[in-house]
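Single-letter residue listing:
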Amino acid sequence: MKPLKLLPLVFLMALAATALPAWAQGPPGAGVVAVKAGRLLDVRSGNYLNDQLILIEAGKVREVGSSRNVQPHVPAGAKVIDLSRYTVLPGLIDAHTHLTYNPDSLGYRGLGISIPREALIGAHNARVTLEAGFTTVRNVNAGGYTDIALRDAINAGDVPGPRILASGPALGITGGHCDEDLLAPQYHAFSLGAADGVPAVMAKVREDIKYGADLIKICATGGVLSQGDNPESEQYSPEEMRAIVQEAHRLGRKVAAHAHGTVGIRDAVLAGVDSIEHGSFIDEEGIQLMKERGTYLVPTLYLGDWLLENYQKMGITDNMLAKARYVLPEARKHVARAFQEGVKVAFGTDAAVYPHGLNAHEFAVMVKLGMTPLATVQAATLNGADLLGWSDRVGSLEPGHFADLIAVEGDPLQDVTILQNVKVVMKGGEVVKEASVTK
Ligand SMILES: [Zn+2]
């Protein structure tokens, strides 16, 4: 009964607050967070700006400028976060995660993991990913709509985690990379996203959207960590892919295509997908088509290093390992060529193939394959935001954008491995990883 009795009082207090004259409403900075940044990376120009002040209100950036100037200044009553000994960057974006999976979810051991358990794995990995500096991710495939539940739980404040755009179950052909191929026929195992033929794939796009998908993920070719399929083979026909893209775009959703093989990459790009994930065997034709159409490449490279060192821990099958040993080193040659020729790149990891939280290890591999450190940071900020369709809210610290930022020690443009050791993370103007904890 108590809460009921309190209600009228709360109502009266709210009324009184709105009726108060300006002088009685507290100092002008009440509710404002002022971040003092020792230096701030302007991700557009690549320039460092020294002694910057970032004013945050209601979770969003209100103003950014030199703290030496009169404007902006710290308003009286503002909460001050002193990052003056750090380098501050916008929160990072990972455009290819699987938060609800772990490395041991991928072989036969994964068959023992229930959908509710998968969701809780996701809750753990969401926090780990956020604390690694990734304040926004695009999750591209999960079982049982667990990624969508996770997104909603984070948005409701139930569990900490990055902002998520979630695909729900990835669409794939029966028996292909995005279907369950580990069990004998009598178990009747299939993945939720399995769909064949134009009417079925259109229905599946609508079904994913019905249950909350922000984007559509498809498996255009076979994959590495799946049983029996060939990464170099095209799976969906061009006709099926065109139907998926048309339906998704008509309903306001972008399409991400898992694609290793040359033909599958080409046909997915021609069908109009918004990004090619992995791109392992991309050739000159694919590169030129992607440049003409502005299709993003989301390479996932570091996983090769981790997997080939740790595969015994993962419980993957011999067939998966054989494919990994062939495809992953090969992919680096072709992706390096795509970097060199100027294909648009958004940062992605495929985290789940290796433990979540190691996402920033991807930067060093991208640099090794020819990207400049600044270009890798732009891939994880401006380009990620553009690919997600969120350039108006994430990817740069500008007025009106979410106050998502990270702080590191040193110069990540000299050494991108510094990004593997993020000291402070803010999401929506709140510190979610403390400097004091990590000093
Ligand atoms: Zn993936």
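Refer to the structure presented above.
Computed from a predicted model, the values in this text were never measured in an experiment.

Peer 1: Pulling in residues and values, what's your account of the overall build of the protein?
Peer 2: The helix and strand tally for the protein stands at 13 helices and 14 strands. A compact globule built from 439 residues should have a C-alpha radius of gyration of about 22 Å, and the protein, at 23 Å, falls within 12% of that. Along the first, second and third principal axes, the C-alpha set of the protein runs to 70 × 60 × 40 Å. If you take every contact in the protein between residues at least 6 apart in sequence, the share linking residues at least 24 apart comes to 68%. Here the protein contributes 40 positively and 48 negatively charged side chains, and the mean placements of these two sets differ by 6 Å.

Peer 1: Give a description of a nonpolar patch on the surface that names residues and reports values.
Peer 2: Residues Tyr 108, Leu 111, Leu 183 and Tyr 187 make up a contiguous nonpolar surface patch of about 390 Å² in total accessible area. The residue Leu 183 is located in the loop between strand S7 (163–166) and helix H4 (198–210) in this model.

Peer 1: Which residues make up the packing of aromatic side chains, and what values do they have?
Peer 2: Tallied over the entire structure, the rule returns five aromatic pairs. Their ring planes at 35° and their centres at 5.8 Å tell us that Phe 281 and Tyr 326 sit as a pair that is tilted. One end of the pair, Phe 281, is in the loop between strand S10 (275–278) and helix H7 (284–293); the other, Tyr 326, is in helix H9 (residues 318–340), with 45 residues separating them in the sequence. The class for Phe 281 is buried, based on a relative accessible area of 6%. For Tyr 326, a relative accessible area of 42% gives the class partly exposed. Here the aromatic rings of Tyr 302 and Tyr 354 are separated by 4.9 Å at their centres, their planes lie at 80°, and the arrangement is edge-to-face. Here Tyr 354 lies in the loop between H9 and helix H10 (361–368) and Tyr 302 lies in helix H8 (residues 302–314), a separation of 52 residues in the sequence. Judged by relative accessible area, which is 12%, Tyr 302 ranks as buried. Between the NZ or CZ atom of Arg 39 and the centre of the ring of Tyr 48, over which it lies, the distance is 4.3 Å. In this arrangement the basic side chain of Arg 163 is found over the ring face of Phe 402, its NZ or CZ atom lying 3.6 Å from the centre.

Peer 1: I'd like to hear about the pattern of salt bridges, residue by residue, with values.
Peer 2: Enumeration over the complete set of coordinates arrives at 20 salt bridges. A salt bridge links Glu 409 to Arg 85; the nearest nitrogen and oxygen atoms lie 2.9 Å apart. With Glu 409 in the loop between strand S12 (405–408) and strand S13 (424–427) and Arg 85 in strand S4 (residues 79–90), this pair connects stretches of sequence that are 324 residues apart. For Glu 409, a relative accessible area of 35% translates into the label partly exposed. The partner of Asp 229 in a salt bridge is Lys 323, and the shortest N-O contact between them spans 3.3 Å. Taken together, the positions of Asp 229 in the loop between strand S8 (215–219) and helix H5 (238–250) and Lys 323 in helix H9 put the pair 94 residues apart, joining distant regions of the chain. As far as the burial class goes, Asp 229 and Lys 323 line up, both buried. Connected through shared salt-bridge partners, Arg 85, Glu 409 and Lys 423 make up one network.

Peer 1: Help me get a handle on the sheet that holds S7, residues and values and all.
Peer 2: Read across the open sheet, the three strands follow the order S5-S6-S7; overall the sheet is parallel. Looking at the sheet topology across the chains shown, the edges are occupied by strand S5 (92–97) and S7. Averaged over all pairs of adjacent strands, the angle between strand axes in this sheet comes to 15°, irrespective of strand direction. Relative to S7, strand S6 (residues 134–139) runs parallel, the two sharing four bridges. Directly across from Val 137, in S7, lies its bridge partner Ile 164. Against the sheet, helix H3 (residues 146–155) engages S6 and S7, with an angle of about 155° to S7.

Peer 1: Tell me what's going on with unusual backbone geometry, and back it up with residues and numbers.
Peer 2: With a phi angle near 55°, Ala 58 is a residue other than glycine that sits in the positive phi range. Tracing the sequence through the fold places Ala 58 in the loop between strand S2 (48–57) and strand S3 (60–66). Unusually for a residue other than glycine, Ala 352 sits at a positive phi of about 125°. Following the sequence through the fold, Ala 352 ends up in the loop between H9 and H10.

Peer 1: Account for the pairing of S10, naming residues and giving values.
Peer 2: The side chains of a regular strand alternate between the sheet's two faces. Across four bridges, strand S9 (residues 254–259) lies against S10 in parallel orientation. Its bridge partner lying in S10, Ala 256 is registered against Ser 275. Between the parallel elements S9 and S10, the chain passes through helix H6 (residues 262–271) in a crossover that is right-handed. Of the strand pairs in this sheet, S10 and strand S11 (residues 296–298) are connected by three bridges, and their pairing is parallel. Residue pairing in the sheet places Ser 275 in a bridge with Tyr 296 of S11.

Peer 1: Can you break down the sheet that holds S8 residue by residue, with the values?
Peer 2: With parallel pairing, four strands are arranged side by side in an open sheet as S8-S9-S10-S11. Because the sheet does not close on itself, it has two edges, and the strands there are S8 and S11. Taken over all neighbouring pairs, the strand axes of this sheet differ in orientation by 25° on average, direction set aside. Taken together, the five bridges between S8 and S9 define a ladder with parallel strand orientation.

Peer 1: Kindly report on the coordination of the zinc ion, identifying the contributing residues and their values.
Peer 2: All of the protein donors around the zinc ion are His 96 (NE2), His 98 (NE2) and Asp 350 (OD); their distances to the metal are 2.1 to 2.2 Å. Mapped onto the polypeptide sequence, the residues donating to the zinc ion form the spacing pattern H-x1-H-x251-D. Taken together, the positions of His 98 in the loop between S5 and helix H2 (115–131) and Asp 350 in the loop between H9 and H10 put the pair 252 residues apart, joining distant regions of the chain. On the basis of relative accessibility, which here comes to 8%, the residue His 98 falls in the buried class.

Cut-offs and rules
- Residues numbered from 1 in each chain as written.
- Predicted model: local features only at pLDDT ≥ 70, side-chain atom pairs only at ≥ 80, totals over all residues.
- Heavy atoms only, no water.
- Helix = DSSP H or I, 4+ residues; strand = E, 2+ residues; numbered from the N terminus.
- Rg over C-alpha atoms; globule rule 2.2 N^0.38 Å.
- Contact = heavy atoms within 4.5 Å.
- Lys, Arg positive; Asp, Glu negative; His and termini not counted.
- Charge placed at Lys NZ, Arg CZ, Asp CG, Glu CD.
- Patch = residues over 30% accessible without salt bridge, like charges linked within 9 Å, V, L, I, M, F, W, Y side chains within 5 Å.
- Areas by Shrake-Rupley, 256 points an atom, 1.4 Å probe, with all protein chains shown as cover.
- Salt bridge = Lys/Arg side-chain N within 4 Å of Asp/Glu carboxyl O.
- Phe/Tyr/Trp six-rings, centres within 6.5 Å; stacked < 30°, edge-to-face > 60°.
- Buried < 20%, exposed > 50% of the residue type's maximum accessible area, 1.4 Å probe, protein only.
- Lys NZ or Arg CZ within 6 Å of the ring centre and 35° of its normal.
- Pairing = 2+ DSSP bridges.
- Axes fitted to C-alpha atoms, helices over the stretch in contact; angles between N-to-C directions.
- Right-handed = clockwise from strand over helix to strand, strands pointing away.
- Donors = N, O, S within 2.8 Å, 3.2 Å for Na, K, Ca; no water.

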